[in-house]
2 protein chains.
Amino acid sequence: MPLQPVVRRSVPDEVFDQVLAEVVDGEIGAGETLPSERRLAEVLGVSRPAVREALQRMAQTRLLDVRHGGATTVRDFRRYAGLDLLPQLLVRKGSLDAAVARSVLEARLAIGPSVAALAAERGGETLGALLTACVDELAATDDDVERQVHALTFWDLVVDAADSVVFRMMFNSLRAAYEPALEALAPAMAEEVGQAGAYRVLTAAISAGDPETARAAADRVLRPATDSLVSALAALEQTQEQR
Amino acid sequence: MPLQPVVRRSVPDEVFDQVLAEVVDGEIGAGETLPSERRLAEVLGVSRPAVREALQRMAQTRLLDVRHGGATTVRDFRRYAGLDLLPQLLVRKGSLDAAVARSVLEARLAIGPSVAALAAERGGETLGALLTACVDELAATDDDVERQVHALTFWDLVVDAADSVVFRMMFNSLRAAYEPALEALAPAMAEEVGQAGAYRVLTAAISAGDPETARAAADRVLRPATDSLVSALAALEQTQEQR
DNA sequence: GTTGGTCAAGTGGTCTGACCACTTCGCCGC
DNA sequence: GCGGCGAAGTGGTCAGACCACTTGACCAAC
């Protein structure tokens, strides 16, 4: 068994997670008020600064509305939460949320091709060589986890070449949600990252500076696994509907 | 002159913004270490908890790496920052960053049609009526700011109907960046939100449950303004290249 | 009755100073 | 050279205090 890094959870982290769970699971609905910082500190058995830090972090994520002198109220996270909340939503209570996972797959299928097209438009001279090297590495290994890492690097290069901050940040957010579960997802993604050929075609299109071909090639890289996983998740989603 | 709400900036807010600016402007490069919390508190003339709160918020945004007992180092925000950083990047030092604005436009043009297609697939019975009501309101006013608000509501409904959390959160993040500048952008967006007819076509396609028509209609709503603004920004970007 | 003022209670905002837990790194003895 | 020790410096946490603000009840003046 591979040794795991020791997880060190600070007190504010713990508080953050607990309050977040209350909010996300709907225990405290939007518009309701949270207990006061002092009260929370007392109940949780921690100091007020610790509570405060956690609440401020939640406020920054637009999950709380903290008003000086007034009460702290819960906001509707569905309406206000940004993409950075994705990791917390994707894996809740230790298991993957099927609806969220489906949504992630849909999003990357929608966005990936557009990013590839932009990369084809704007990619510099060296891009082709970098991508090729990356695909070579992907093709050279048999390990699905390693393949995923290389696929991620591949897309990282593509996103860089697209030269669009918003896509860059979207990619960062998605990766932040994806990476922690990378090992667990290895079997699910094996189908996709095993197709080195598809990545080669995409690389060629991008290198050639042909946006529309690149868009289609990217679709061909992403669609098969997306489709099969989405239907698998749809089945799972039925099961999960115990909420 | 319309009365403005009083802005009340807390000490940690102030610290957060200052440190963020240092990081985003590259004054402190990725990998470099920040002064210690005590030192920062002293230099900024505030208490350590205030500094701490700001730094923790930055760490949550993946902009800093805070290690117990060790130094606090700056991470490469280009590689790690999530979409929630968008507002801070879009308007820096009080003025709009052209490259970021261009990127926002590109992203919404890439994503909007896909969301519309999903909405057409999944939209319920009442969706059409809601969208129509929204477009009616949009068509009924002459004020460009109001029109934008209605357009935003329109897309809000579409995103809801698409029933995909990731797109929902992307939309939330984009809106959070967009709304503060809504008034300033009114002239730029007037062209788009003035085309009530295009929104009607899109509404019809979504109501009809026809994904591909909806995709094309959404493209037709978004593309004209996107194209003209992108070229305007390209010219501006030349000017801004004094960095 | 409505308006506006006052005041107390409760909340978040901030500070101080202390101590704990951890990392770093140089010194020391082997 | 190498392992271990320990001081110094860093972030983590706490307690308690006080300030600033909102809220709502109460009351006076119109």
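Here we summarise the structure given alongside this text. All chains use their own residue numbering, which begins from 1 and follows the written sequence. Chain A is the first chain written and ligand 1 is the first ligand written, with later ones labelled in order. pLDDT decides what is reported in this predicted model: residues at 70 or higher carry local features, side-chain atom pairs at 80 or more are listed and counted, and totals for whole chains, interfaces and linings draw on all residues regardless. Processing note: side-chain calculations cover all non-hydrogen atoms of the structure and skip hydrogens and water entirely.

Let us now look at the packing of aromatic side chains. All names here are of chain A. When two rings of Phe, Tyr or Trp (its six-membered ring) have centres within 6.5 Å they constitute a pair, described as stacked for plane angles under 30 degrees, edge-to-face for angles over 60, and tilted for the intermediate range. Inspection of every chain in the model, using the stated rule, returns four aromatic pairs over all chains. Between phenylalanine 154 and tyrosine 199, the aromatic rings sit 5.2 Å apart at their centres with planes inclined by 85 degrees, giving edge-to-face as the arrangement. Of this pair, phenylalanine 154 sits in helix α8 (residues 144–162) while tyrosine 199 sits in helix α11 (residues 196–207), and the two are 45 residues apart along the sequence. In this structure, phenylalanine 154 and tyrosine 199 share a single accessibility class: buried. Three or more aromatic residues link up through ring pairs in this structure, and these residues are Phe154, Trp155 and Tyr199. When the NZ atom of lysine or the CZ atom of arginine is within 6 Å of a ring's centre and also within 35 degrees of its normal, the charge is said to sit over that ring. Looking at arginine 75, its charged tip hangs above the ring of tyrosine 80, at a distance of 4.1 Å from the centre. Numbering goes from the N terminus for both helices and strands, where a helix is a DSSP run of H or I of at least four residues and a strand is a run of E of at least two. Classification of residues uses two cut-offs on accessible area relative to the type maximum, computed with a 1.4 Å probe and protein chains only: under 20% is buried, over 50% is exposed, and between them is partly exposed.

All names here are of chain A. Note on method: axes are straight lines fitted to C-alpha atoms, helices fitted across the in-contact stretch only, with angles between N-to-C directions ranging 0 to 180 degrees. Close contact between helix α6 (residues 98–122) and α8 brings their axes to 7 Å; oriented N to C, the two are set at 60 degrees. The orientation of α6 relative to α8 falls into the category oblique. Between α6 and α8 lies a crossing of left-handed hand. From α6, Gly112, Val115, Ala116, Leu118, Ala119 and Arg122 reach across to α8, where they touch Trp155, Val158, Val159, Ala161 and Ala162. A per-class count over the contact of α6 with α8 returns nine nonpolar, one polar and one charged. These descriptions rest on fixed angle ranges, namely under 35 degrees for roughly parallel, over 145 for roughly antiparallel, 65 to 115 for roughly perpendicular, and the rest for oblique. Working rule for handedness: look at the near helix, and if it is turned counterclockwise from the far one by less than a right angle, call the crossing left-handed; if clockwise, right-handed. A contact between two residues is defined here by any heavy atoms of the two lying within 4.5 Å. Under the scheme applied here, ten amino acids are nonpolar (Ala, Val, Leu, Ile, Met, Phe, Trp, Tyr, Cys and Pro), four are charged (Asp, Glu, Lys and Arg), and all others, including Gly, are polar.

The next point concerns helix α7 (residues 127–140) of chain B. All names here are of chain B. Multiply 1.5 Å by the residue count of a helix minus one, and that product is the helix's expected span. In a regular helix each residue adds 1.5 Å, so 14 residues correspond to 20 Å; α7 covers 20 Å between its end C-alpha atoms and thus fits that length. Inspection of α7 places Leu127, Gly128, Leu131, Cys134, Val135 and Leu138 among the buried residues, and these make up the whole buried set. Looking straight down α7, one finds that the buried residues subtend no more than 130 degrees of arc, so they occupy a single side. Of the exposed residues in α7, the ones pointing more than 90 degrees away from its buried face are Ala129 and Ala140. Where α7 is buried, its residues contact α6 (98–122), α8 (144–162), α10 (182–193) and α11 (196–207). To obtain the arc, one takes the directions from the helix axis to the C-beta atoms.

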